[in-house]
Amino acid sequence: MSKTAGSLFAFQQRHAPYLFVAPFIVLFCTFGLYPLVKSVVLSFYITSGPKSQVFVGLENFLFLLADPDFGKACLNTAVFAACSVFLQLPLSLGLALLLNRKGLRGRNLFRLCFFSPRLVGMVFVGVLFSLVFAMRFGLLNVALHALFGTSLELDWLGEARYVMPALVLTSLWMYVGFNMIYFLAALQNVDETLYEAATVDGANAWQQFWHVTLPGIKPVAVFVVVLSTIGSFQLFELPYLMLQNSRGPDGAGLTVVMYLYENGFVTGDLGYASAIGWTLALGVLIMAIGQMYLGRTWKKEV
Amino acid sequence: MGEDNPIRKALLYAVLVLAGALTLVPLVWLVACSLKNSEDFFAHVFFPPLDRFTLDNFRELFRQMPFLRLMMNSLFVAGTTVMVQLFFSSLGGFALARYEFRGKRVIMIVMLATMMIPAQVMLAPLYELITRMRLADTYLGLVVPGAVSVFGMYLFRQSMLQLPDELLQAGRIDGCSEFGLYWRIAIPVSRPMIGAFCLIAFMGTWNSFLWPQIILQSKELFTLPIALNQLVGLQRQDYGVLMAGTLLSILPVAGLFLVLQKEFLSGLTAGAVKG
C-alpha cells in the first residue's frame, strides 16, 4: 500500500461515521429543522400568498383560542382519539389474548386476516367506506336492515350525529387487527414460568391477567397507546375522503389537521396554519408525555 | 395457561371466526362490487350469478382516467422513495449502531424529538421552501424532503446493534473500507429488516395523500390517491368504477406484502418489543 493510499484509508476510517450520517443531517436541517423554525416565525404572521405577510405577534394563537371552528375540530379529534385508546386498543388486546391461547390452530391465518385492512391505505379505506356507509345499497345499511330491520335510508355520512360513529367504526376496522400484532408479540414474550408460579399460588385468570400479563406487556402497551394517540391527533385523510373533501354536515367530520389544511392551502394563510400546527404539536406532546408518565408510575404500584 | 375445555375452545374459535369475517367482509364486498354492473349493484349485495360477472367497471375506469399511467407514476414515486430512504436510513443507522462519534447523542435525541412532533407542523413552511426551490409540482419535491426516514434509521440501528463486533474487525484487518463494511457485511446481514422497511416505506409512500395533494398540480404527475380522490368527486353515481379503481390501487401493496410478510411482521414488532 502506498503512503497516500494509506493515509486515505486512515482518513476514511476516522471520518466514516460523519460521512454516513451526513445525508441525514443535511436533509434534516433543510427539510426538518428549517421548516420547524420557520413555522414558529410564520405563526406570528398573518399571510396570504407568498407576498403579503403582516406581523401580528400572538394574535393567531389568541384568535385560535376563540375560534369556534377550531374548537369543533379539537373536540372531534379528541373524541376520535379517546375512542381509539379506550375502544380500539382493548379490542386489540382482547383479540391478542384469544390468539395467544395454547393449542390454537390457524393462528397465523387469523393473524394475517386481522391484519389485512392495514394493507389498504387510509385514502382507499376512505373511498371504500364512503360506499360502505352509503344509503340504500351501502353494506352497513343492507346488513343492519337484514339483521334488525332498520331503515335503508340511514344517512351515516349526511347526518351530523352519525358521522363520528362512522369514522370510529372505520378506524376500528383498520386498526384493531394492526395493533393486535403488537400485543400478540408482547404476550408471546411474557415469561411462561410467571404464569406457572401464579397458578401454584392459586391466582385466578383475572388475577393472572392483572398481575402477570399486564405488567409483562406494559412497555409495549404504553408504546401502542402513545402511537395510537399521536396517529389519532393527525386524523385527516379518512374524514376528508369519506366526506368527499368536506367537513361533513355541521362540521361533524372537521379535524385539527383538516382545519390546518383548509387554512393553509385552501384559504392560503400559512401563518394561521402554522399556529394550528404548533397547537396540535403541543397537544400531542402533552398527551404523549402524560401517557408515558402514567405508564411509569403505574409500574411502581404493581 | 392451561388448555381450554371443548366448550370454551368452540367459543374461542367462534369469536375468532366472527371477528375474521367482520374484517374480511368489506374487502370481499369491494371485490364483488367491482365485478358487477349497475343493475346488479342493487339486486345483489355481494356476488351476482356467475354468468353476470363483468369487467365493464374496469373498462370504464380505463376510459375515464389514464389508469396505467397513474399506476406507473405511483410505482415510480414509491419505488424511488423506498430506494433512497433505504440507502440513507440504513447508512445512518449503521453509523449510529457501530461507531462512537461526537454529536451522536444529539442526533439520537433529535431523532426521538422529530418522531414526537407531528409532521403537519412543518407543512406550511415546507411548502413555501419547496416552492422557492422550484420543486413544486415535480417528483423531486415529492421525494427529496422525505429522503431519509428517521423511523428507518432507528429500525436499522436496532438491528445493526446485534452485529458481532468480530465480524467488522475481521473485515477491517482484511483491508475493507468502512463503507465496505456497511455494504458487504452490515447490509447482507440485515436482510430481514430491509424487507420489513421496504414494505413499510412502500406503503407509506404509495398511500400518501396530503403532501402530493399540496404540491402536485399537473394531471400527468398525479399519483393514484390524488387521482382517485378526484374520481370520487366526478363519479358520484358510478360506484362500480370507484370500486374497480380502489381494488386495483391496493393490489400492489397486497402483492408486496405477500412476498415480504415474514420479514414484515417480525420487523414491525422488533422495535417495540426489544427496544
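Note that the structure is predicted; figures quoted are calculated from it, not measured.

### Regarding the overall build of chain A
Each helix and strand counted, chain A has 12 helices and two strands in total. Relative to its length of 302 residues, chain A is extended, with a C-alpha radius of gyration of 25 Å against a globular reference of 19 Å. The C-alpha extent of chain A, read off along each of the three principal axes, is 75 × 65 × 40 Å. Looking at chain A residue by residue over its 302 residues, the buried ones come to 41%. Across chain A, the fraction of contacts at a sequence separation of at least 24, relative to all contacts at a separation of at least 6, is 71%.

### With respect to the environment of M258 of chain A
Residues and elements named next belong to chain A. Take M258: it is sitting in helix α11 (residues 256-267). In the structure, M258 is positioned 70 residues away from Q188 in sequence and 39 Å away in space, judged by C-alpha atoms. If we skip the residues at most four places from it in the chain, M258 touches A73, F236, P239, Y240 and R247.

### Re the environment of L221 of chain B
All names here are of chain B. Secondary-structure assignment places L221 in the loop between α12 (210-215) and α13 (224-234). Sequence-wise, L221 and V77 are 144 residues apart; in three dimensions their C-alpha atoms are separated by 9.9 Å. Beyond its immediate sequence surroundings of up to four residues, L221 is in contact with N73, D137, Y139 and L216.

### Here's the deal with the environment of F222 of chain B
Residues and elements named next belong to chain B. Within the element layout of this structure, F222 appears in the loop between α12 and α13. With 22 C-beta atoms packed within 10 Å, F222 lands in the buried category. Through-space distance from the C-alpha of F222 to that of G146 is 18 Å; in sequence the pair is 76 residues apart. Ignoring any residue separated from it by four or fewer positions in sequence, one finds F222 in contact with L70, N73, L216 and A227.

### Points about the packing of helix α3 (residues 68-99) of chain A against helix α9 (residues 205-233) of chain A
Residues and elements named next belong to chain A. The contact between α3 and α9 brings their axes to 9 Å, and the two run at 150 degrees. Here α3 lies roughly antiparallel to α9, going by the angle between them. Crossing of α3 over α9 shows right-handed handedness. Judged by residue contacts, T77, F80, A81, S84, V85, Q88 and L89 of α3 engage V224, V225, S228, T229, S232 and F233 from α9. Grouping the amino acids of the contact of α3 with α9 by side-chain chemistry returns seven nonpolar, six polar and no charged.

### Describing the confidence of the model for chain B
Residues and elements named next belong to chain B. When pLDDT is averaged across chain B, the result is 89; 95% of the residues are at 70 or more. Mean pLDDT across the elements of chain B bottoms out in helix α2 (residues 38-43) (77) and peaks in helix α4 (residues 67-98) (96). Our summary of model confidence lists the complex with pTM equal to 0.90 and ipTM equal to 0.88.

### Considerations on the domain arrangement of chain B
Interface size is commonly expressed as the accessible area that is lost once the parts come together. Residue and element names in this part refer to chain B. According to the domain assignment, chain B contains domain 1 (6-54) and domain 2 (58-274). Just the C-alpha atoms count here: the centres of domain 1 and domain 2 sit 33 Å apart. Across the boundary between the two partners, domain 1 contributes eight residues, which contact six residues of domain 2. Counting only elements with at least two residues in the side of domain 1 that touches domain 2, the list comes to α1 (6-34) and α2. Here the element with the most residues in the side of domain 1 that touches domain 2 is α1; it accounts for four residues. The residue inventory of the side of domain 1 that touches domain 2, partitioned by class, reads four nonpolar, three polar and one charged.

Conventions we followed
- Residues numbered from 1 in each chain as written.
- Chains lettered and ligands numbered in written order.
- Predicted model: local features only at pLDDT ≥ 70, side-chain atom pairs only at ≥ 80, totals over all residues.
- Helix = DSSP H or I, 4+ residues; strand = E, 2+ residues; numbered from the N terminus.
- Rg over C-alpha atoms; globule rule 2.2 N^0.38 Å.
- Buried ≥ 20, exposed ≤ 12 C-beta atoms within 10 Å, placed from the backbone.
- Contact = placed C-beta atoms within 7 Å.
- Axes fitted to C-alpha atoms, helices over the stretch in contact; angles between N-to-C directions.
- Parallel < 35°, antiparallel > 145°, perpendicular 65-115°, else oblique.
- Left-handed = near helix turned anticlockwise from the far one by under 90°.
- Nonpolar A, V, L, I, M, F, W, Y, C, P; charged D, E, K, R; others polar.
- pLDDT = per-residue confidence, 0-100.
- Domains from an automatic or database assignment.

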